[in-house]
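Examining the three-dimensional arrangement
What follows is each chain in one-letter form.
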Amino acid sequence: MKPLLSETYRRSLQFAFRELDGTFIIVSPETMRLGAPVTYFILNEVGREIWNRLDGTRTVGHILEELVGLYDVDQEQLTLDIREFLSDMEGRGVVVKVEAPDG
């Protein structure tokens with residue numbers, strides 16, 4: 001299921017983000033300690049901007065508004081890109097949906 005604009009996500013605590021020589025990488029330190037194959041993801045510039053905003057307070061819609069201001073891109077396409085990124089990363093356990101508080 002694709003994330004809704006009203007939903008909020010945060011980065012998983014199981015992954016770390018590093019920039020190496022201009023390449024943006026998400027890596028699982030846990031797999032490195034266990035001697036297992038290392039799990040990592042290489043992000044493009046837009047992926048990095050999304051990742052940097054996944055602080056658990058911004059909605060997907062808020063992230064979209066911020067990124068539309070940064071890039072000369074069609075809002076509909078950017079919406080699809082953000083939703084695809086979040087759906088993929090949530091499925092891999094890299095990002096976590098923040099549940100709305102009951103009220």
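If you're wondering where the values come from, they're calculated on a predicted model, not measured in any experiment.

Section: the side chain of arginine 48
Mapping arginine 48 onto the fold places it in helix H2 (residues 45-52). Within the structure, the side chain of arginine 48 is placed 3.1 Å from the side chain of glutamate 49, a separation counted as a polar contact.

Structural notes on the sheet that holds strand S1 (residues 8-11)
Whether parallel or antiparallel, the strands of a sheet pair through hydrogen bonds between backbone atoms. Across the sheet, which stays open at both edges, the 3 strands sit in the order S5-S1-S6 with antiparallel pairing between neighbours. For this open sheet the edge positions go to strand S5 (55-59) and strand S6 (95-98), each flanked by a neighbour on one side alone. When the angles between neighbouring strand axes are averaged without regard to direction, this sheet yields 35 degrees. Strand contacts of helix H4 (residues 75-91): S1 and S6, with the helix running at about 105 degrees to S6, the strand carrying the most contacts.

About the thresholds
- Residues numbered from 1 in each chain as written.
- Predicted model: local features only at pLDDT ≥ 70, side-chain atom pairs only at ≥ 80, totals over all residues.
- Heavy atoms only, no water.
- Helix = DSSP H or I, 4+ residues; strand = E, 2+ residues; numbered from the N terminus.
- Polar contact = N/O pair within 3.5 Å; in protein donor to acceptor, adjacent residues only side chain to side chain.
- Pairing = 2+ DSSP bridges.
- Axes fitted to C-alpha atoms, helices over the stretch in contact; angles between N-to-C directions.
- Contact = heavy atoms within 4.5 Å.

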